[in-house]
Amino acid sequence: MDFFKDKQKKRQFINSYGTFLLNGMLSLSIGSLLPYIRDARGLEYAFCGLIVSLHSVGNLVASFASGALSALIGRKRSILLFNAAYAVSYLLIIFGGNNLCIALAFFMTGLARGATSNCGNTTVNQLAPGQAWILNGLHAMFSVGAFLFPLILTVLAGNGGENWIYVCYFMLAMGVISWLLYLGIPMEQSAAAKGKERGGGLAFFREPLFYLCTLTLFFYLCAEQGVIGWLVTYFKDTGLLDASLSQMTASVQWAMVLTGRLLTAWLSVRAPKERLMRLMGVGLVLFFGVLITGTSPVQIMIGIMGFGISMAGIYPTTVSFSGLMMEDYPMAWSYILTMASIGSVLMPSVIGKIADAAGIAVGMSSVGVVVVIDFVFILILTAFVRRRNA
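Just so we're clear, the structure is a prediction, and the values are computed from it rather than from any experiment.

*Asks:* Tell me about the overall build of the chain, and name the residues and values.
*Replies:* Helices and strands together make up the secondary structure of the chain, namely 16 helices and 0 strands. Seen through its C-alpha atoms, the chain measures out along the principal axes to roughly 55 × 45 × 35 Å. Long-range contacts, defined here as pairs at least 24 residues apart, represent 82% of the contacts in the chain between residues at least 6 apart. Accessible surface for the chain amounts to roughly 16200 Å². Of this, 67% is attributable to carbon and sulfur atoms. Side-chain charges of the chain comprise 25 positive and 16 negative groups, with the mean position of each set lying 9 Å from the other.

*Asks:* Quick one: what's the story with the pattern of salt bridges, residue by residue and with numbers?
*Replies:* The full count for this structure, using the stated rule, is 1 salt bridge. A salt bridge links Arg38 to Asp39; its shortest N-O distance comes to 3.6 Å.

*Asks:* So what's going on with the layout of surface pockets? Residues and values would help.
*Replies:* Its boundaries defined by the atoms lining it, the second largest pocket holds a volume of some 180 Å³. Around the second largest pocket, the lining residues are Gly260, Leu263, Thr264, Leu267, Leu276, Leu279, Met280, Gly283, Phe287, Gly306, Ile309 and Ser310. Taken together, the elements giving at least two residues each to the lining of the second largest pocket come down to helix H9 (243–267), helix H10 (273–293) and helix H11 (297–312). The biggest single contributor to the lining of the second largest pocket is H10, with 5 residues. Considered class by class, the residues forming the lining of the second largest pocket number 7 nonpolar, 5 polar and no charged.

*Asks:* For the environment of Tyr45, give the residues involved together with the corresponding values.
*Replies:* Considering the arrangement of structural elements, one finds Tyr45 in helix H2 (residues 45–73). Taking relative accessible area as the criterion, Tyr45 reaches 64% and is therefore assigned exposed. Between the C-alpha atom of Tyr45 and that of Pro35, which follows or precedes it by 10 residues, the distance is 9.9 Å.

*Asks:* Please set out empty space enclosed by the protein residue by residue, giving values where relevant.
*Replies:* Per the counting criterion, the structure on display carries 2 cavities of 30 Å³ or more. Of the voids in this model, the second largest cavity is the one considered here, and its volume is about 40 Å³. Considering the residues around the second largest cavity, the lining is formed by Thr122, Asn125, Gln126, Met326, Glu327, Pro330 and Trp333. For the lining of the second largest cavity, the leading source of residues is helix H4 (residues 99–127), giving 3 residues. Grouping the amino acids of the lining of the second largest cavity by side-chain chemistry returns 3 nonpolar, 3 polar and 1 charged.

*Asks:* Requested: an account of the packing of aromatic side chains, with residues and values cited.
*Replies:* Per the stated rule, a full pass over the model turns up 16 aromatic pairs. When the ring of Phe13 is compared with that of Tyr17, the centres are 4.4 Å apart and the planes differ by 35°; the resulting orientation is tilted. Placement of both Phe13 and Tyr17 in helix H1 (residues 7–41) is noted, with a separation of 4 residues, approximately one turn of the helix. Per residue, the accessibility class of Phe13 equals that of Tyr17, and both read buried. Here Phe218 and Phe219 contribute two aromatic rings whose centre-to-centre distance is 5.0 Å and whose plane-to-plane angle is 85°, an arrangement assigned as edge-to-face.

*Asks:* Describe in detail the nonpolar core, supporting the description with residues and values.
*Replies:* Judged by nonpolar contacts, the single largest core of 120 residues is most densely connected at Met25, Tyr86, Tyr90, Ile134 and Val367. The greatest single-element share of this core, amounting to 15 residues, is contributed by helix H8 (residues 208–238). Those residues in contact with Val367, other than ones at most four positions away along the chain, are Ala223, Gly226, Val227, Phe288, Met347 and Ile351.

*Asks:* Go over helix H5 (residues 132–157) with me, naming the residues and quoting the values.
*Replies:* Compared with an ideal rise of 1.5 Å per residue, which puts 26 residues at 38 Å, H5 spans 38 Å between its outermost C-alpha atoms and is within 8% of the ideal. Of all the bends in H5, the largest measures some 25° and sits at Leu148, one to four residues before the proline Pro150. Following H5 by one or two positions, Gly158 adopts a phi angle in the positive range, close to 85°.

*Asks:* Break down the state of the cysteines for me, citing the residues and quoting the values.
*Replies:* Here the structure, examined in full by the defined rule, presents 0 disulfides. Of all cysteine sulfurs, the one in Cys213 lies closest to Cys119, which takes part in no disulfide; the gap is 20 Å. By relative accessible area, Cys119 is classed as buried at 5%. Counting only cysteine sulfurs, Cys222 is the nearest neighbor of Cys213, a cysteine outside any disulfide, at a range of 16 Å.

*Asks:* Please give an account of the side chain of Thr264 that cites residues and values.
*Replies:* Within the element layout of this structure, Thr264 appears in helix H9. Other than its neighbours up to four places away in sequence, Thr264 contacts Asn136, Met280, Gly313 and Thr317.

Definitions and limits used
- Residues numbered from 1 in each chain as written.
- Predicted model: local features only at pLDDT ≥ 70, side-chain atom pairs only at ≥ 80, totals over all residues.
- Heavy atoms only, no water.
- Helix = DSSP H or I, 4+ residues; strand = E, 2+ residues; numbered from the N terminus.
- Contact = heavy atoms within 4.5 Å.
- Areas by Shrake-Rupley, 256 points an atom, 1.4 Å probe, with all protein chains shown as cover.
- Lys, Arg positive; Asp, Glu negative; His and termini not counted.
- Charge placed at Lys NZ, Arg CZ, Asp CG, Glu CD.
- Salt bridge = Lys/Arg side-chain N within 4 Å of Asp/Glu carboxyl O.
- 1 Å grid on protein atoms, 1.4 Å probe; cavity = no way out; pocket = protein on both sides within 12 Å on 5 of 7 lines; lining within 4 Å.
- Points joined across faces, edges and corners; volume = space filled by probe spheres on them.
- Nonpolar A, V, L, I, M, F, W, Y, C, P; charged D, E, K, R; others polar.
- Buried < 20%, exposed > 50% of the residue type's maximum accessible area, 1.4 Å probe, protein only.
- Phe/Tyr/Trp six-rings, centres within 6.5 Å; stacked < 30°, edge-to-face > 60°.
- Core = buried A, V, L, I, M, F, W, Y, C linked by side-chain atoms within 4.5 Å.
- Expected span 1.5 Å × (residues − 1).
- Bend = angle between axes of the 7 residues up to and from the residue.
- Disulfide = S-S within 2.5 Å.

In structure tokens form, the structure reads like this:
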């Protein structure tokens, strides 16, 4: 916590947390606003599926490109360029009169989201390398934004959503604020310069830790996006929960993710993070089993709540394990994030293909396979880190 005594680092900390909260709002706004945009613009379902995919593509592109560009023009110029896409995307949604503008807008929301994630994780990790609490706190802010957006949408759009355009103006303003927060963050020299000083470059490809962190995050993101993307549809289509209760499961899960990230941040300064990581892995497997085999609302809610709390700290804690490597090799995080994010793009489609062939219950059950694989990599990663530290 020594960095709080340094005014520049304290500003980096506060502004990074603020931009991550707004990034959570941006992330949730895509799915929440889509039905209103579809009705107002007369979009077909196939086109809606395409633009949601474009958001994921933009996120994936920015995850790598923002880090690579920072090596050429500096981290601050890079994030200001990519984060400007936040406000511009909502300008296109508000004033764009054709499908091309809407498609470009969704792609640009992905660019802003991916670049913000990359920059936030890198900046905060450099403030306290390897300290899980600060990264769990950062991702808790994302959860706060994701939790707040549905409430903001309800208040501004009205019960029938007829005033949805006001939500877009609100998000436009949040995009401007996000850009101004980055403008006010004092950032150090470019990633290229730091990499040259510390013998950076691409030497991290020889580090076993790089592959263990990447694979752990890849299968984690498979599980996360598979559950988040299909949870409501699964309960609704199987009839396990009625339509209104099915919708509530998403809110319950995000509330538990927020709780889990705050809890992990608190525990990570009181217990070894390797032990916490293994405990979260056990919970991930156990509570997904409860979730997928539950037949009553009580059993299902226990599964959702336990799964949400268990998954909450895995991503930021994995990032904290790679902290020193990211310091030595500034490009490492861009590669980790890009390669791991492929899982979040692939898994929802895999579930959909299986569901078409064998039903949604079988499709959703397939997440259990990646949950178990992720648990295996968590055990390998924590064992490696423990040996290295010893």
